[in-house]
Amino acid sequence: MTSGKQGYDTQNNNKAETIMVKTDLKQVKKTDIGLWIFYFGIVFISIIVSFSSNSQFAYRRSTYFYPWLKHLTMLLVGGGIVFSFQYIKVKWFRVSSLLLFGANLILQFLCFVPGIRQENVHNIYRTINLPFTSFDFQPDEYLKFTMVLFLASLLYYMLRTDNEQKRKTLRWYYIIATLLAVGLTVRYHNSTAILLFTISYLLYLVSGIDVKRTLIFGLVIIACGVIGLTTLRFARHHGVSLPFNLNTLVTRVDAFFTKEPDDVKFDLYQGEAQIKYGKIAIAGGRGIIGRGPGRSLERNKLPVANADYVFAIVVEELGWFGILGTIMLFLLLLSRIGTMMKKTDDEFLSLVALGCGLTIVLQALISILVVVDLIPSTGQPLPLISAGGNSIFSISIGLGIIMSVSRTINMEAANIDEDSEPSTPVITFDDDADDEIVDLTQQKISFDNELDNND
């Protein structure tokens with residue numbers, strides 16, 4: 001009798017262990033697999049295209065592999081950032097958001113300080129040199145994500161309070177933070193300033209606070225923008241020298257709306273040459289697979305082929321496969337973030353993930369639309385594909401934050417406390433497993449009854 005029960009218990013324990021292992025694999029503290037598919041897909045495209053897009057720099061250095069190895073090194077460092085950031089608890093992003101945002105604003109302000117700021121090839125001050133290094137730090141690239149963290153924190157507290165006076169105060173903090181970020185970037189980088197304002201507006205809109213007023217405000221801003229740009233164009237055409245970087249902005253807008261043939265509109269010896277050679281590269285990439293990896297014909301002629309106009313090389317070499325593949329990967333990122341938001345009721349998690357995702361996707365959209373000549377030239381790099389350490393590192397930080405949010409949401413779904421993180425996860429069984437355990441329990445009861453009757 002006793003041996004029979006022990007044999008049954010052993011079998012039951014083995015069955016339970018099997019179910020626990022199966023369920024534990026579903027409850028692991030991992031990030032969403034779709035996010036990793038996006039990341040490795042974009043990195044794969046970046047590695048392939050960088051052979052051609054960096055050819056001009058390879059020629060200058062008389063070595064073919066140095067620019068590619070440098071780009072690969074940047075991607076590896078970025079990968080380390082993404083991997084490590086996923087293990088940072090999201091609550092620390094909220095707690096330190098003000099400190100990170102404030103420090104970033106100070107670094108951005110240093111771009112105005114002579115002796116500290118660094119001038120780029122276009123005679124524009126966007127970077128500062130880090131002491132004891134040769135790395136030029138570009139603060140506005142990182143400001144996109146530190147601003148998202150701080151604004152998401154303010155929205156989180158706004159949504160959590162019923163005190164109208166406190167909510168009004170937080171709203172003013174939100175406006176001031178946005179104006180500080182935009183004001184410190186508009187001097188040397190108009191497109192980044194516009195991107196920052198757009199992200200701030202969209203984040204406030206999706207939060208659900210005063211949706212009607214926010215929509216009306218958006219329409220007013222668009223109308224003011226059109227009127228303001230028209231006024232600037234009128235002043236520019238009458239010989240008025242515009243402040244900041246507005247002369248460049250108006251010139252690019254004029255070039256975009258000029259109704260002339262491309263061979264007249266785009267002078268190959270002026271700044272518009274990149275638009276014309278970009279169009280030539282895109283035309284050469286017709287077909288499913290384009291010219292093939294490493295076979296670009298315009299890589300040695302197209303200005304900034306490895307940065308602002310890298311998507312033209314993607315199209316030329318990879319054809320429709322490159323176009324659809326790149327766009328679908330960025331759409332996949334938004335899709336996975338949307339799925340993540342459905343799994344949590346925490347407003348901060350949702351707003352941070354969406355804010356970082358919108359920043360990455362909007363930047364990619366702007367870069368692509370510029371290359372195909374649907375909007376005026378802006379100078380926004382294509383995330384993780386364009387060369388440049390600042391761009392790769394900042395995007396990696398944004399992705400790392402999204403990964404951290406995903407991991408936190410998965411832990412919540414598995415009923416794992418992020419602070420305690422017990423060594424043995426809480427087990428929740430599938431419906432099929434529950435039915436199987438009930439069936440095993442009934443069999444055990446029947447078996448025990450049979451043994452009792454035999455006694």
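The rules behind these values
- Residues numbered from 1 in each chain as written.
- Predicted model: local features only at pLDDT ≥ 70, side-chain atom pairs only at ≥ 80, totals over all residues.
- Heavy atoms only, no water.
- Helix = DSSP H or I, 4+ residues; strand = E, 2+ residues; numbered from the N terminus.
- Buried < 20%, exposed > 50% of the residue type's maximum accessible area, 1.4 Å probe, protein only.
- Contact = heavy atoms within 4.5 Å.
- Areas by Shrake-Rupley, 256 points an atom, 1.4 Å probe, with all protein chains shown as cover.
- Phe/Tyr/Trp six-rings, centres within 6.5 Å; stacked < 30°, edge-to-face > 60°.
- Salt bridge = Lys/Arg side-chain N within 4 Å of Asp/Glu carboxyl O.
- Axes fitted to C-alpha atoms, helices over the stretch in contact; angles between N-to-C directions.
- Parallel < 35°, antiparallel > 145°, perpendicular 65-115°, else oblique.
- Left-handed = near helix turned anticlockwise from the far one by under 90°.
- Nonpolar A, V, L, I, M, F, W, Y, C, P; charged D, E, K, R; others polar.
- Pairing = 2+ DSSP bridges.
- pLDDT = per-residue confidence, 0-100.

Let us look at the overall build of the protein. Secondary structure assignment for the protein yields 17 helices and three strands. Across the 455 residues in the protein, those meeting the buried criterion constitute 45%. Looking at the protein alone, contacts between residues at least 24 apart form 71% of all its contacts between residues at least 6 apart. When the accessible surface of the protein is split by element, carbon and sulfur atoms take 63% of a total near 23600 Å².

Okay, the environment of Leu399 next. Along the polypeptide, Leu399 turns up in helix α16 (residues 389–413). Looking at Leu399, the relative accessible area reads 1%, which means it is buried. Each C-alpha atom of the pair Leu399 and Ile360 lies 8.5 Å from the other, and the pair is 39 residues apart in sequence. Those residues within four positions of Leu399 in sequence are excluded, and the remaining contacts are Phe38, Tyr39, Val82, Leu333, Ile360 and Leu384.

Turning next to the side chain of Ser200. Along the chain, Ser200 turns up in helix α9 (residues 190–206). Relative accessible area serves as the criterion here: at 4%, Ser200 is assigned to the buried category. Ignoring sequence-local partners within four residues, the contact set of Ser200 consists of Met147, Leu151, Tyr174 and Thr178.

Let us now look at the packing of aromatic side chains. Here the structure, examined in full by the defined rule, presents 15 aromatic pairs. Taking the centre distance of 5.5 Å and the plane angle of 70 degrees together, the rings of Phe83 and Tyr87 count as edge-to-face. Using a relative accessible area of 45% as the deciding quantity, one classes Tyr87 as partly exposed. Taken together through their ring pairs, the aromatic side chains of Trp36, Tyr39 and Phe40 make up a single cluster.

Opposite charge on two side chains lets them pair, provided their charged atoms get close. Summed over all chains, the structure comprises six salt bridges. Across the pair Glu347 and Arg160 runs a salt bridge, and its minimum N-O distance is 3.0 Å. Pair noted here: Glu347 is in helix α15 (residues 347–371) and Arg160 is in helix α7 (residues 139–160), with a separation of 187 residues, a long-range link. In this structure, Glu316 engages Arg291 in a salt bridge whose closest nitrogen and oxygen atoms are separated by 3.2 Å. Of this pair, Glu316 sits in helix α14 (residues 310–342) while Arg291 is found in the loop between α13 (273–284) and α14, placing the two residues 25 residues apart along the sequence. What makes Glu316 buried here is its relative accessible area of 1%. The partly exposed category is assigned to Arg291, whose relative accessible area is 32%.

So, on to the packing of helix α2 (residues 33–53) against α16. It is at 10 Å that the axes of α2 and α16 come closest, and there the two elements cross at 160 degrees. Taken together, α2 and α16 sit at an angle that is classed as roughly antiparallel. Seen along the crossing, α2 lies across α16 with a hand that is left-handed. Facing α2, whose interface residues are Leu35, Trp36, Phe38 and Tyr39, α16 presents Leu399, Ile402, Met403 and Ser406. Split into classes, the residues belonging to the contact of α2 with α16 amount to seven nonpolar, one polar and no charged.

In terms of strand pairing, strand β1 (residues 117–119) meets strand β2 (residues 125–129) through three bridges, oriented antiparallel. Its bridge partner being in β2, Glu119 is matched across the sheet by Tyr125. As defined by bridge partners, β2 adjoins strand β3 (residues 136–137) across two bridges and the pair is classed as antiparallel. Bridging from a neighbouring strand, Asn129 pairs with Asp136 of β3.

With that settled, consider the confidence of the model for the protein. Detailed reading of the predicted model is not advised wherever pLDDT is low. Of all residues in the protein, 78% have pLDDT values of 70 or greater, and the mean over the chain is 80. Scored below 50 in pLDDT, residues 1–28 shows 31 contacts in the model against residues more than four places distant or in partner chains. Predicted confidence for residues 421–433 stays below pLDDT 50, and this span has 27 contacts to residues more than four positions away or in other chains.

For the rest of this paragraph, the subject is the environment of Tyr157. Along the chain, the position of Tyr157 falls in helix α7. Its relative accessible area of 38% is what places Tyr157 among the partly exposed residues. In sequence terms Tyr157 and Arg167 are ten residues apart; their C-alpha atoms lie 8.0 Å from each other. Sequence-distant contacts of Tyr157, defined by excluding residues within four places in its chain, comprise Arg94 and Leu170.

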